[in-house]
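# Secondary and tertiary structure notes
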Amino acid sequence: MRFLALCLILLAAANAARANDSVFKVGVTTRDFTPVEPYDWRGANAHVLRVMIWYPAAAEAREEPQWIGPPFVPYFSAGSAARDAAPAAGSKHPLVLLSHGAGGTAAGIAWLGTALAAHGFIAVAVNHPGNNALEDFTVEGFSLWWLRAVDLSAVLDAMLADKTFGSLIDPARIGAAGHSAGGYTVIAVVGGISDPAQLEAFCRSPVADALCRPPPEASGMREQRLARLSADPDFRQRYERAGRSYRDQRIRAALAMAPGLVPMFTAESLNAISLPIAIVSGDADEIAPSASNAEALARQIPHATLKLVPRAGHYVFFGTCTVLGRMMVRTACRDPDGVDRDAVHAETIGLALDFFAASLR
């Protein structure tokens, strides 16, 4: 136990060292937002959009290490922040909406949210209904992917109306960033239009790759989806809305990290995206291979930029793992030899700060 405690202390120190160039103290809080009904909750039990918010905090705020997992033996670092601290007074801040991967959580992208807040952004991550680890997964949550873009728009509405944060947000400087299915989500919210038949065709073709193998958390979802499409007219009607545009005109730039589900996007919709788009991915991604996802996206979106991280896999964009995390959550905590997750995070944070500073001027 002493060894584990020492490792946690060293990890917290490393986080602090990476934040030495910070401009602001970081505050963190949570909200349950209830969009205007009717709202498609995708079979989720909780009819709220649960979010985490990182923001520039007052100078007297006392930051403490934040963790993900059991309280006394956490699995991941979530950076350092002051829980429910008073926001920094002064000018309005740009806002970045954050979207987690399939079956993930808002907290899982804390490493980016805290860094953005330390440099003057407000960042808010939503737990997507039916597709987050805080509650049971649903067939709708793993089928109606395009509705994740609706979640981002609903959260943006709520943040702009929020009594605490609404007056602190510059509505002319809104961006979005996401990992994996979250990368798909941010492209959808800036104009990418989905055609599920394209993904099915890709996965039946000779070029099908690891993207077509569902992760353990989605086991059996394809079969259930097909059964529902055959027997459930309401589900079929909702599924057929994939081809609509879920573009939110308020969002001016997007960062996609290890984006997945890219073969689902129509080429015409990607070719029409004129906003600044940055893409970063590992060139050894074992879940959403870069050739069919990040690289394909970069080829089809005019002026998109692409950064490939040598030897990095899909989970390098998860939070930094503790010693216990590396033992208990091996898939998400294992990086290929020679890959330093903290270094990848630092490089991605630098990319995000430069990209959003330039794009949201």
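Next up on the list: the overall build of the protein. When helices and strands are tallied, the protein shows twelve helices and ten strands. Computed over C-alpha atoms, the radius of gyration of the protein comes to 19 Å, within 12% of the 21 Å expected from 2.2 N^0.38 for 361 residues, which places it in the range of a compact globule. The buried share of the protein, taken over its 361 residues, is 57%. Averaging the coordinates of the 32 positive side-chain charges in the protein and doing the same for the 35 negative ones gives two points 2 Å apart.

The next subject is helix H12 (residues 341–359). In this model, H12 (19 residues) spans 26 Å end to end at C-alpha, consistent with the 27 Å of a helix rising 1.5 Å per residue. When H12 is considered as a whole, its buried residues turn out to be Arg341, Asp342, Val344, His345, Thr348, Ile349, Ala352, Leu353, Phe355, Phe356 and Ser359. At the N-terminal end of H12, a side-chain oxygen is found 3.0 Å from the backbone nitrogen of Asp342, two or three residues along, and the residue is Asp340.

Further remarks concern the nonpolar core. Membership of the largest hydrophobic core comes to 70 residues, with the highest contact counts inside it found for Leu97, Trp146, Met159 and Ile187. The element that contributes the greatest number of residues to this core is helix H3 (residues 147–161), accounting for eight residues. Judged by nonpolar contacts, the second largest core, of 46 residues, contains Val26, Ile68, Leu98 and Ala332.

Overall, the coordinates contain two disulfides when judged by the stated rule. Bridging Cys203 to Cys212, the disulfide has an S-S length of 2.1 Å. On the sign convention where negative means left-handed, the S-S torsion of about -85 degrees between Cys203 and Cys212 marks this disulfide as left-handed. Each sulfur in the disulfide pair Cys321 and Cys333 lies 2.1 Å from the other. Because the torsion about its S-S bond is -95 degrees, the bridge between Cys321 and Cys333 counts as left-handed. With Cys321 in the loop between strand S10 (305–309) and helix H10 (323–328) and Cys333 in helix H11 (residues 330–333), the pair connects residues that are twelve residues apart, well separated along the chain. Each member of the pair, Cys321 together with Cys333, is buried. Counting only the cysteines that take part in disulfides, in the order they occur along the protein, gives the pairing 1-2, 3-4.

The next subject is the pattern of salt bridges. When the charged atoms of two side chains with opposite charge come close together, those side chains can pair. Evaluation of the coordinates by the stated rule reveals 14 salt bridges. Arg238 serves as the salt-bridge partner of Asp40, at 2.9 Å between the closest nitrogen and oxygen. Here the residue Asp40 occupies a position in the loop between strand S1 (25–33) and strand S2 (49–57), and Arg238 occupies one in helix H7 (residues 233–239), the gap between them amounting to 198 residues. For Glu200, the salt bridge identified is with Arg222, shortest N-O distance 2.9 Å. Pair noted here: Glu200 is in helix H5 (residues 196–204) and Arg222 is in helix H6 (residues 221–231), with a separation of 22 residues, a long-range link. Residue Glu200 is classed as buried on the basis of its relative accessible area of 19%.

This part is about the sheet that holds strand S6 (residues 122–126). Pairing is mixed across the open sheet formed by ten strands, whose spatial order is S3-S4-S1-S2-S6-S5-S7-S8-S9-S10. In this open sheet, the two edge strands, each paired with only one partner strand, are strand S3 (64–68) and S10. Geometrically, the sheet is characterised by an average inter-axis angle of 30 degrees between neighbouring strands, direction not taken into account. Both S2 and S6 contribute to a ladder of four bridges, which runs antiparallel. Each residue of the ladder has a partner; that of Ile53, found in S6, is Val124.

Parameters at a glance
Residues numbered from 1 in each chain as written. Predicted model: local features only at pLDDT ≥ 70, side-chain atom pairs only at ≥ 80, totals over all residues. Heavy atoms only, no water. Helix = DSSP H or I, 4+ residues; strand = E, 2+ residues; numbered from the N terminus. Rg over C-alpha atoms; globule rule 2.2 N^0.38 Å. Buried < 20%, exposed > 50% of the residue type's maximum accessible area, 1.4 Å probe, protein only. Lys, Arg positive; Asp, Glu negative; His and termini not counted. Charge placed at Lys NZ, Arg CZ, Asp CG, Glu CD. Expected span 1.5 Å × (residues − 1). Polar contact = N/O pair within 3.5 Å; in protein donor to acceptor, adjacent residues only side chain to side chain. Core = buried A, V, L, I, M, F, W, Y, C linked by side-chain atoms within 4.5 Å. Disulfide = S-S within 2.5 Å. Salt bridge = Lys/Arg side-chain N within 4 Å of Asp/Glu carboxyl O. Pairing = 2+ DSSP bridges. Axes fitted to C-alpha atoms, helices over the stretch in contact; angles between N-to-C directions.

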